[in-house]
Amino acid sequence: MLQLNKVNQYYGQSHTLWDIDLDLKKGECLCVMGRNGVGKTTLLKTIMGLLPVKSGSIEFNGTDFTTLAAEERARAGIGYVPQGREIFPLLSVEENLETGLQARPDRSKKIPERIYELFPVLHEMRHRRGGDLSGGQQQQLAIGRALALDPTLLILDEPTEGIQPNIVDMIGRVIKTLNQQEGLTVLLVEQKLHFARATADRFAIIDRGSKVAEGDMGELDETLIKRYLTV
Ligand SMILES: Nc1ncnc2c1ncn2[C@@H]1O[C@H](COP(=O)(O)OP(=O)(O)OP(=O)(O)O)[C@@H](O)[C@H]1O
């Protein structure tokens, strides 16, 4: 479904991603892992078209995406939940969700009921300002907004960061339901090991901008954890 071929990325002179290959199959949940600052967010931003690819290529469902604008990638069916959530604080919950509708291929103006079923708190708080929500509620809103475009691929950047444990568990259950029961393909960046193990079927580890390991989640052993993940 999503293929990266030898993708390189720079911030000015600083070479941030080195020859990254990635192959995400339809229906999978892949977790990209690695310590702080190794390039995980840069990788997701590059996939979303928020940073231009310096060399290499990106394909989505067989179409070359390498130079496509971010809006076009969303329109092709990629939902993105950025690090830090980036919800609009002055817009209501409902209005925040409506911004996600803009990329829908069917141009529907109606927020799908499914989003409120998955996150009932968003329905309860639909007239409140996004900025008045707690961190956990804002994360649910960011995921809901990404789901509003009815994506076939959902990309999430550290969805559990700074969120209390019961909401983390709930978000994990929602991601799993969407992936395993509704066939949504998921690409996740996550540093919490237990969450990654409970949610994803495969992992890829980035270290200093290079992919250094990948495999089925069961193959993520203590040696890899010690070498690339623990601080
Ligand atoms: N806008 C930017 N300009 C210059 N350098 C940047 C910029 N954003 C990130 N970097 C640098 O690029 C490298 C990769 O950063 P990135 O945010 O992709 O890492 P990360 O693995 O997502 O880290 P974290 O887990 O802390 O979010 C880091 O060295 C970071 O300091």
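Quick caveat: nothing in here was measured; it's all calculated off a predicted structure.

**As for the nonpolar core**
One finds Val-32, Ile-155 and Leu-188 to be the most contacted residues of the largest nonpolar core, which totals 58 residues. Apart from the residues within four sequence positions on either side, Leu-188 is in contact with Cys-29, Cys-31, Val-32, Leu-156, Thr-199 and Ala-200.

**Some points on helix H6 (residues 135–147)**
With 13 residues, H6 should cover 18 Å at 1.5 Å per step; its first-to-last C-alpha distance of 18 Å lies within 8% of that length. Burial runs high along H6: 11 of the 13 residues are buried. Burial in H6 covers these residues: Gln-137, Gln-138, Gln-139, Gln-140, Leu-141, Ala-142, Ile-143, Gly-144, Arg-145, Ala-146 and Leu-147.

**Looking at the packing of helix H3 (residues 93–101) against H6**
Two elements in contact, H3 and H6, have axes separated by 7 Å at closest approach and are oriented at 35°. Viewed along their axes, H3 and H6 form a crossing whose handedness is right-handed. Residues Val-93, Asn-96, Leu-97, Thr-99 and Gly-100 of H3 form the contact with H6, whose own contacting residues are Leu-141, Gly-144, Arg-145 and Ala-146.

**Comments concerning the site of the ligand**
Every residue near the ligand is listed here: Tyr-11, Ser-14, Thr-16, Gly-34, Asn-36, Gly-37, Val-38, Gly-39, Lys-40, Thr-41, Thr-42 and Gln-83. Only strand E2 (14–24) and helix H1 (40–48) provide two or more residues apiece to the shell around the ligand. Sort the elements by how many residues they give to the shell around the ligand and H1 lands first, with 3 residues. Its residues placed into classes, the shell around the ligand shows 2 nonpolar, 9 polar and 1 charged.

**Points about the UniProt feature "domain: ABC transporter" (unreviewed entry) in the protein**
Residues annotated in UniProt with the feature "domain: ABC transporter" (unreviewed entry) correspond here to residues 2–231. Helix makes up 35% of residues 2–231 and strand 27%, whereas the separation of the span's terminal C-alpha atoms amounts to 30 Å.

**Brief notes about the pairing of strand E6 (residues 78–81)**
Every second residue of E6 is oriented toward a common face, with Ile-78 and Tyr-80 on one face and Gly-79 and Val-81 on the other, all of them buried. Bridging between E6 and strand E7 (residues 153–157) involves 4 bridges; their strand directions are parallel. By the bridge assignment, Val-81 is partnered in E7 with Leu-156.

**Focus on the pairing of strand E8 (residues 185–189)**
Within E8, 5 of the 5 residues are buried, which leaves the element mostly enclosed by the surrounding structure. Side chains of E8 alternate between two faces, with Thr-185, Leu-187 and Val-189 and Val-186 and Leu-188 buried alike. Judged from the 5 bridges that link them, E7 and E8 form a sheet pairing that is parallel. The partner of Leu-153 across the bridge, within E8, is Thr-185.

**Let's talk about the sheet that holds E7**
If you trace the 6 strands from one edge of the open sheet to the other, you get E6-E7-E8-E3-E9-E10, paired in mixed fashion. Strand pairing shows two members of the sheet lacking a second neighbour, E6 and strand E10 (210–216), which therefore form its edges. The average angle at which neighbouring strand axes cross in this sheet is 15°, direction not considered. With 4 bridges connecting them, strand E3 (residues 29–33) and E8 associate as parallel partners. Within E8, the position partnered with Cys-31 by the bridge is Leu-188. The sheet strands contacting H1 are E3, E6, E7, E8 and strand E9 (202–207), and the helix crosses E7 at an angle near 150°.

**Points about unusual backbone geometry**
A positive phi angle is found at Lys-6, which is not glycine, with a value near 45°. Checked against the element boundaries, Lys-6 lands in strand E1 (residues 2–11).

**Describing helix H7 (residues 165–181)**
In this model, H7 (17 residues) spans 24 Å end to end at C-alpha, consistent with the 24 Å of a helix rising 1.5 Å per residue. Every buried residue of H7 is listed here: Ile-171, Ile-175, Leu-178 and Asn-179. The buried residues of H7 occupy one face: seen down the axis, they fall within an arc of 95°. Among the exposed residues of H7, those pointing more than 90 degrees away from its buried face are Pro-165, Asn-166, Thr-177 and Gln-181. Where H7 is buried, its residues touch E3, H6, E7, E8 and helix H8 (193–199). Positive backbone phi, approximately 75°, marks Gly-183, located one or two places after H7.

Conventions adopted
Residues numbered from 1 in each chain as written. Predicted model: local features only at pLDDT ≥ 70, side-chain atom pairs only at ≥ 80, totals over all residues. Core = buried A, V, L, I, M, F, W, Y, C linked by C-beta atoms within 7 Å. Buried ≥ 20, exposed ≤ 12 C-beta atoms within 10 Å, placed from the backbone. Contact = placed C-beta atoms within 7 Å. Helix = DSSP H or I, 4+ residues; strand = E, 2+ residues; numbered from the N terminus. Expected span 1.5 Å × (residues − 1). Axes fitted to C-alpha atoms, helices over the stretch in contact; angles between N-to-C directions. Left-handed = near helix turned anticlockwise from the far one by under 90°. Near = placed C-beta within 6 Å. Nonpolar A, V, L, I, M, F, W, Y, C, P; charged D, E, K, R; others polar. UniProt positions renumbered as here; feature names shortened; annotations may be inferred. Pairing = 2+ DSSP bridges. Arc of directions from axis to C-beta.

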